[in-house]
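Here's the letter readout for the chains.
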Amino acid sequence: MEKGLTSKEVEESRKKYGSNNISISNNNKFINILLSSLSDPIIKILLIALAIKIVFLFKDFDFFETLGIVIAIFVASFISSMSEYGSGKAFERLQQEASKINCKVVRDSSNKEINIDEVVVGDIIRLETGDKIPADGYLISGDITVDESSLNGETKEIYKESISNWRNSISDINKVYRGTVVYSNSALMKVTSVGDNTMYGKIASELKETQRESPLKIRLTNLAKIISKIGYIASFLVSFSYLFSKIVISNNFDIELIMKTITNFPVITSYILYALTLSVTIIVVAVPEGLPMMITLVLSSNMKRMLKNNVLVRKLTGIETAGSLNILFTDKTGTLTKGSLEVIGLINGNYKEYSNELELEKYKKYHDIVKKSIIYNNASSYSNDKSKIIGGNITDKALLRFIISDTSKTLKTYNLIPFSSKTKYSAITLDDKNKINLIKGSPDLILKNCNKFYDEFGFARTFIDKEQYISKINSYSKKGIRLIALATSLSKSIMIRDLTLVGVILIKDEVRSEAIEGVKLVKNAHIQTVMITGDNIDTAISIAKEVGIIENDNDIALTSDELNSKSDEELKKLLPRLKVVARSLPQDKSRLVRISQELNLVVGMTGDGVNDAPALKKADVGFAMGSGTEVSKEASDIVILDDNFISISKAILFGRTIFKSIRKFIIVQLTINFCAISLSIICPFIGVDTPVTVIQMLWVNMVMDTLAGLAFAYEPPLIEYMNELPKKRDESIINRYMISEIVFTGIYSALLCLAFLKLPIISNYFRNSVDKVYLMTAFFGLFIFIDIFNSFNARTTRLDIFSNITSNKVFILIMLFITIVQILLIYFGGSMFRTAGLTFSEFLIMLLIALTVVPVDWIRKIIYRRKYGLGGV
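Residues numbered from 1 in each chain as written. Predicted model: local features only at pLDDT ≥ 70, side-chain atom pairs only at ≥ 80, totals over all residues. Heavy atoms only, no water.

### Topic: the overall build of the protein
Now for step 1: Along the backbone of the protein there are 32 helices and 27 strands.
Now for step 2: The buried share of the protein, reckoned over its 873 residues, is 56%.
Now for step 3: Once local pairs closer than 6 in sequence are excluded, the contacts in the protein between residues at least 24 apart make up 73%. (Helix = DSSP H or I, 4+ residues; strand = E, 2+ residues; numbered from the N terminus. Buried < 20%, exposed > 50% of the residue type's maximum accessible area, 1.4 Å probe, protein only. Contact = heavy atoms within 4.5 Å.)

### Brief notes about the side chain of Ser324
Now for step 1: Within the secondary structure, Ser324 is located in the loop between α11 (316-322) and β10 (327-331).
Now for step 2: Those residues in contact with Ser324 that sit more than four places away from it in its chain are Pro215, Arg219, Val602, Pro726 and Lys727.

### Side note on the packing of aromatic side chains
Now for step 1: Across all of its chains, the model carries 20 aromatic pairs by this definition.
Now for step 2: Between Phe792 and Phe802 the ring centres are 5.9 Å apart and the planes differ by 70 degrees, which places this aromatic pair in the edge-to-face class. You can see Phe792 sitting in helix α28 (residues 773-794) and its partner Phe802 sitting in the loop between α28 and α29 (809-828), a full ten residues away along the chain.
Now for step 3: Members of the aromatic cluster, each reached through a chain of ring pairs, are Phe236, Phe240, Phe244 and Phe253.
Now for step 4: Residue placement shows Lys479 over the ring face of Tyr476; its charged tip is 5.4 Å from the ring centre. (Phe/Tyr/Trp six-rings, centres within 6.5 Å; stacked < 30°, edge-to-face > 60°. Lys NZ or Arg CZ within 6 Å of the ring centre and 35° of its normal.)

### Examining the pattern of salt bridges
Now for step 1: All told, the structure shown has 30 salt bridges when counted by the stated rule.
Now for step 2: Notably, a salt bridge pairs Lys160 with Asp172, separated by 3.9 Å at the nearest N-O pair. In this pair, Lys160 is assigned in strand β5 (residues 157-161) and Asp172 in the loop between β5 and β6 (175-176), connecting sequence segments twelve residues apart.
Now for step 3: The class of Asp172 is partly exposed, set by a relative accessible area of 47%.
Now for step 4: Taking the shortest distance from any N to any O, the salt bridge between Asp396 and Lys440 comes out at 2.5 Å. With Asp396 in helix α14 (residues 394-402) and Lys440 in strand β17 (residues 434-441), this residue pair connects regions lying 44 residues apart in the sequence.
Now for step 5: We classify Asp396 as buried; its relative accessible area is 7%.
Now for step 6: What makes Lys440 buried here is its relative accessible area of 8%.
Now for step 7: Among the charged side chains, a salt-bridge network with shared partners connects Asp568, Glu569, Lys572, Arg591, Arg594 and Glu598. (Salt bridge = Lys/Arg side-chain N within 4 Å of Asp/Glu carboxyl O.)

### A closer look at the sheet that holds strand β26 (residues 621-625)
Now for step 1: Judged by pairing direction, the sheet is mixed, and its eight strands sit side by side in the order β9-β27-β26-β25-β10-β22-β24-β23 without closing on themselves. If you trace the sheet from one side to the other, it starts and ends with β9 (311-313) and β23 (556-559), each paired once. The sheet shows a mean angle of 20 degrees between the axes of neighbouring strands, taken without regard to direction. (Pairing = 2+ DSSP bridges. Axes fitted to C-alpha atoms, helices over the stretch in contact; angles between N-to-C directions.)

### Description of the nonpolar core
Now for step 1: The biggest cluster of nonpolar side chains holds 123 residues, and the ones touching the most others in it are Phe623 and Ile662.
Now for step 2: Tallying contributions element by element places helix α24 (residues 645-682) first for this core, with 19 residues.
Now for step 3: Of all hydrophobic cores here, the second largest spans 28 residues; its members include Leu578, Val581, Leu592 and Ala624. (Core = buried A, V, L, I, M, F, W, Y, C linked by side-chain atoms within 4.5 Å.)

### A short note on the confidence of the model for the protein
Now for step 1: Put simply, the protein has an average pLDDT of 84, and 86% of its residues get 70 or more.
Now for step 2: Low pLDDT, under 50, characterises residues 57-61; the stretch is placed with ten contacts to residues that sit more than four places away or in other chains. (pLDDT = per-residue confidence, 0-100.)

### Some remarks on the pairing of strand β21 (residues 499-511)
Now for step 1: Counting buried positions along β21 gives twelve out of 13 residues, so the element sits mostly inside the fold.
Now for step 2: The sheet contact formed by strand β11 (residues 337-347) and β21 spans seven bridges and is antiparallel. Residue pairing in the sheet places Gly345 in a bridge with Leu506 of β21.
Now for step 3: As judged from the three bridges shared by strand β18 (residues 450-454) and β21, these two strands associate in the parallel manner. Considered in β21, the bridge of Lys452 is made with Thr500.

### Here's the deal with helix α16 (residues 466-477)
Now for step 1: Here α16 spans 17 Å end to end across twelve residues, near enough to the 16 Å set by a 1.5 Å rise per residue.
Now for step 2: Taken together, the buried positions of α16 are Lys466, Tyr469, Ile473, Tyr476 and Ser477. The buried residues of α16 occupy an angular sector of 105 degrees when projected down its axis, which confines them to one face. (Expected span 1.5 Å × (residues − 1). Arc of directions from axis to C-beta.)

### Concerning empty space enclosed by the protein
To find leftover empty space, one rolls a probe the size of a water molecule over the atoms.
Now for step 1: One pass over the full model with this rule turns up three cavities of 30 Å³ or more.
Now for step 2: Computed from the structure, the second largest cavity encloses a volume of approximately 70 Å³.
Now for step 3: Lining the second largest cavity are Glu320, Gly323, Ser324, Gly655, Arg656, Phe659, Lys660, Tyr721, Glu724, Leu725, Pro726 and Lys727.
Now for step 4: Ranked by residues supplied to the lining of the second largest cavity, first place goes to α24 with four residues. (1 Å grid on protein atoms, 1.4 Å probe; cavity = no way out; pocket = protein on both sides within 12 Å on 5 of 7 lines; lining within 4 Å. Points joined across faces, edges and corners; volume = space filled by probe spheres on them.)

### Some remarks on the side chain of Arg219
Now for step 1: Along the polypeptide, Arg219 turns up in helix α7 (residues 215-249).
Now for step 2: Within the structure, the side chain of Arg219 is placed 3.2 Å from the side chain of Ser324, a separation counted as a polar contact.
Now for step 3: Sequence-distant contacts of Arg219, that is, excluding residues within four places in its chain, are made with Glu320, Ser324, Phe659, Lys727, Lys728, Arg729, Glu731 and Ile733. (Polar contact = N/O pair within 3.5 Å; in protein donor to acceptor, adjacent residues only side chain to side chain.)

### Quick notes on a nonpolar patch on the surface
Now for step 1: Together, Leu816, Ile820, Ile823, Leu824, Tyr827 and Phe828 make up a nonpolar patch on the protein surface, roughly 590 Å² of accessible area in all.
Now for step 2: Here Tyr827 is to be found in helix α29. (Patch = residues over 30% accessible without salt bridge, like charges linked within 9 Å, V, L, I, M, F, W, Y side chains within 5 Å. Areas by Shrake-Rupley, 256 points an atom, 1.4 Å probe, with all protein chains shown as cover.)

### Topic: the pairing of strand β3 (residues 124-127)
Now for step 1: With three bridges connecting them, strand β1 (residues 102-107) and β3 associate as antiparallel partners. Within β3, the position partnered with Val105 by the bridge is Ile125.
Now for step 2: Here β3 pairs with strand β8 (residues 187-193) via four bridges, running antiparallel. Its bridge partner lying in β8, Arg126 is registered against Leu188.

### Some remarks on the packing of α24 against α28
Now for step 1: Packing of α24 against α28 leaves a shortest axis separation of 9 Å and a crossing angle of 150 degrees. Considering the angle they form, α24 stands roughly antiparallel to α28. When you trace α24 past α28, the crossing you get is right-handed. Along the contact surface, α24 presents Lys664, Ile667, Val668, Thr671, Ile672, Cys675, Ala676 and Leu679, while α28 presents Phe779, Phe783, Asp787, Asn790, Ser791 and Ala794.
Now for step 2: Class assignment for the residues of the contact of α24 with α28 results in nine nonpolar, three polar and two charged. (Parallel < 35°, antiparallel > 145°, perpendicular 65-115°, else oblique. Left-handed = near helix turned anticlockwise from the far one by under 90°. Nonpolar A, V, L, I, M, F, W, Y, C, P; charged D, E, K, R; others polar.)

### Quick notes on unusual backbone geometry
Now for step 1: A positive phi is found at Asp108, a non-glycine position, where the angle reads about 50 degrees.
Now for step 2: Position of Asp108 relative to the elements: it lies in the loop between β1 and β2 (110-115).
Now for step 3: On the accessibility criterion, Asp108 (33% relative accessible area) is partly exposed.
Now for step 4: Positive phi, close to 55 degrees, is recorded for Arg834, a residue that is not glycine.
Now for step 5: You can see Arg834 is positioned in the loop between α30 (830-833) and α31 (840-851).

### Observations regarding the environment of Leu751
Now for step 1: With respect to the element layout, Leu751 can be found in helix α26 (residues 736-758).
Now for step 2: Along the sequence, Leu751 and Leu679 sit 72 residues apart, while their C-alpha atoms lie 8.8 Å from each other.

### Digging into the packing of α28 against helix α32 (residues 853-868)
Now for step 1: Axis separation between α28 and α32 bottoms out at 9 Å; the angle between their running directions is 35 degrees. For the crossing formed where α28 meets α32, the hand is right-handed. For the pair α28 and α32, the contacting residues are Ile786, Phe789, Asn790 and Asn793 in the first and Val853, Val854, Asp857 and Lys861 in the second.

### Observations concerning the environment of Arg583
Now for step 1: Within the fold, Arg583 resides in the loop between β24 (578-582) and α21 (586-598).
Now for step 2: The sequence separation of Arg583 and Thr559 amounts to 24 residues, and the corresponding C-alpha distance is 5.7 Å.
Now for step 3: In contact with Arg583, not counting residues within four places along its chain, are Thr533, Gly534, Asp535, Asn536 and Ser560.

### Comments concerning the environment of Thr333
Now for step 1: Inspection of the secondary structure assignment puts Thr333 in the loop between β10 and β11.
Now for step 2: Under the relative-accessibility criterion, Thr333 is labelled partly exposed at 40%.
Now for step 3: Between the C-alpha atom of Thr333 and that of Thr533, which follows or precedes it by 200 residues, the distance is 7.7 Å.
Now for step 4: Each residue touching Thr333, except ones within four places of it in the same chain, is listed here: Gly339 and Asp509.

The structure is reproduced here in structure tokens:
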């Protein structure tokens, strides 16, 4: 009897070889996430502007504007960091729950149950059916079959036997690995590697590879470059216009007075410093400082909504990237199919089919043969209370569910030969009056060794046209049905020859009804879906046709061997038509991701095994299955909690909605900024120094734009978005439609503001005063209400600006709140906001003038449609 390690030896082993923990990289420290968020390209511009204002422009220091920049940077970074940190903590809790696994160990000459993390090198572990193997090692007694699909992607059971049968030389048939599952039988294993030194741990350590930049990061970087250029040009023009106004216009173009001003050092210095202050202010105005905050809000708010749809977002940018997918590589089992096998029938040697056991019971003798073949040659059995099936693999469990009558095993059995992928069969001898060998396995192997078959009355008959029967059976395989052959023999020892066929069991992993809808949605979104499976090519093609992945003869299905026989260049040419990869290997996924990315495609990959982790990490969006391994989840961006393809399509829809929300907000921000910059450049020439005060601009930039960002964060995910082409990876965040609205509405708004300030036909409607306080109060209201109405214009490309507005109640509430606050500021803002109240008629005139941006934008939309069609954000 094995005594195992003593308590002292356990401690010594742990000190020497380490613990059994997997050291998955933990970058979820709040400070790390916060510092990482400061690398946002828009925030970088704000940081530079902040530094200039603090370091260089100490003279006439603008406290409120500087404070506004600080708040914009802090809030955007802090909210982003908190959201991702919270998501990381939720994921950590998910992982901790998954790792609460105990195992049975022999220590101090007794059996103990310990947590998987406490296992050390040298431990003796008891393995039984259904156990997850806790570490790497080799068998020292007994034999088992294991499922190694989490490591190698192979779904078949692997037979393992103890080292004692191999004269103490360790071979692969003796080795077992962490993360694999015992299918049948029991054994003792000795641990040789723990934690990071296991194969499982080594694959996990490969995940430190840096992921390429997300499409959103690339687009924001390009936007930052464009905005910075515009800001620099505008700041120069504003500074020039200010200096020209003070030096030239104020001196009535008199050369002598101009030279006198230039040579007056204190005066010209104050002018230049103020011009520099204006330059920095314009750069700040040009930068949509609310954008980083809005992006964070829209990502984090949708992250919570997606969790209700069984989608756990681990990395915020993963949501938006999902909306940009060009190609999606998906597993079959559990994602497109239910992941649980079901016996759908049995066909005997004379082609008679039975869909359930009740149909078999009419033929008592044949029913008895079938029942014994299924019950006794099976590693699964019902629990004592008959509530669940325990032990065995999913195939054995499916077979046992086919028998609804009594499944008690009352007869003696011996000579058990477990199933292995090498022999392709399992067998057992049943002591039933006369000894009979029950055999179960691959139809290819069993049928060629069958000379007879049992008819429905239980009599053995000679196979006359076996080839025709094999052809009939193969037709089921082409329909995606898995086949298991049952047979008997009367030989003294179990040999695969002179067999009598009991029948061929038809088993199917039913396609999820939602998967068909999900595949259709993804196809309508112009995203190529490629199914990757370990099944044979016929089964794979059948499933792909059933769910709608393969639709015509131009679609290509390849086996792993065919895939690997092609060069990268050949595969790139075939990729647009590739729909299925059968008999796939783990390395096939990584290669397909790499080749797709070389074609500048945005790539999505699903996976659940340890072997999938490198491909999940390499993909632009890695979708891990909720039932998958901890390592695959760690490598992913998004975890699909219900393993359902329809949830992936929902993630894509949310991603597209988010990108549209970001674009809508950019329209609003840049339109008002365009207007503000235009006014800053032109107003010094027409005698208006400060059309909008610093405090008013703080309200516009920080309060209103932040609230508007929150309003757009809750835009509804409309199914119509799934009919659009995916955005290219390097496509600019600002498209032609956006430019038309920003420039057109921006110019109109600026002209409207200038006309409001300078045209007597408008200014005469407002009470006159020395400081024009009533006109400037109305102008402040005009500026804000133009922005409010433009928010309605921006949220839809339709002429009906209220389209789907009831689906975004947050938008309605925020716009109502901004309106109420603005009215309060107009009447009670006082000297701080440079307001003095308006009469009802003055307020109404101001509101109606602001409202003209709506019909003007209708005209723009109509012209755009006629010229470019139904484009949009």
